[in-house]
Amino acid sequence: TNLRRSGRLRQHGMNRETPMNVAKWLMLALLALPLAELAAFIAVTATIGFAWALALVLAGSLLGTLVLRHAGGNHIARVRVALGDGGATALQADSDGFLILLAGILLLIPGFITDVLGLALLVGPLRRALASILGRQNAPPRRDGVVDLEPEQWRRVGDPALPDWRDNDDRR
């Protein structure tokens with residue numbers, strides 16, 4: 001009863017309810033998405049016909065697969081390299097790769113609403129605007145002359161001018 005009089009009970013309850021309200025809205029949105037996708041599919045089908053609507057949905061899923069295969073695989077490789085090197089700040093600065101990965105996932109989900117959102121994320125200026133709204137910026141260019149390449153942009157090539165130490169058994 002002392003907590004009730006002091007108001008601490010209400011303050012504690014409000015702090016607990018705020019994340020629950022966000023979770024409830026998120027759950028409601030996830031449950032409403034299939035219904036909205038169905039309504040959008042019916043509207044598009046009534047406008048252009050079932051075969052064309054189905055072809056558009058399949059094309060969107062195919063595009064999502066291609067985006068995930070190309071850009072998503074590269075982003076996952078960068079995440080592995082950054083985590084292996086202990087560079088969590090590199091992951092936080094890489095908003096562009098995350099948003100492209102999200103675009104691929106949205107395109108992969110069948111439906112017109114998710115396809116429109118995924119295509120919007122593939123447009124560079126819209127993606128940068130969303131990144132700035134979310135407070136995620138790309139990493140600033142380095143001024144020490146180091147060029148950071150993504151894993152798919154480089155490969156190891158032997159230098160023929162240098163002796164191959166593997167052939168020399170004396171160094172072992």
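Look above for the structure.
Values in this document were obtained by computation on a predicted structure and should not be read as measured data. (Residues numbered from 1 in each chain as written. Predicted model: local features only at pLDDT ≥ 70, side-chain atom pairs only at ≥ 80, totals over all residues. Heavy atoms only, no water.)

A short note on the overall build of the chain
Item 1. In terms of regular secondary structure, the chain is built from seven helices and zero strands.
Item 2. Overall, the chain shows an N-to-C arrangement of helices and strands of α-α-α-α-α-α-α.
Item 3. At a minimum sequence separation of 6, the contacts of the chain that also span at least 24 residues come to 60%.
Item 4. Of the accessible surface of the chain, which amounts to about 13500 Å², a share of 65% is contributed by carbon and sulfur atoms. (Helix = DSSP H or I, 4+ residues; strand = E, 2+ residues; numbered from the N terminus. Contact = heavy atoms within 4.5 Å. Areas by Shrake-Rupley, 256 points an atom, 1.4 Å probe, with all protein chains shown as cover.)

What about the nonpolar core?
Item 1. Formed by Leu99, Ala103, Leu106, Leu121 and Ala131, the largest nonpolar core amounts to five residues.
Item 2. Among the elements that take part in this core, helix 5 (residues 95–108) stands out by supplying three residues, more than any other.
Item 3. When sequence neighbours within four positions are dropped, the list of residues in contact with leucine 106 reads Thr114, Asp115, Leu117, Gly118 and Leu121. (Core = buried A, V, L, I, M, F, W, Y, C linked by side-chain atoms within 4.5 Å. Buried < 20%, exposed > 50% of the residue type's maximum accessible area, 1.4 Å probe, protein only.)

Describing the packing of aromatic side chains
Item 1. For the structure on display, the rule yields two aromatic pairs.
Item 2. Centre to centre, the rings of phenylalanine 41 and phenylalanine 50 are 6.0 Å apart; their planes meet at 90°, and the pair counts as edge-to-face.
Item 3. An aromatic cluster is built from Phe41, Phe50 and Phe112, whose rings are joined through pairwise contacts. (Phe/Tyr/Trp six-rings, centres within 6.5 Å; stacked < 30°, edge-to-face > 60°.)

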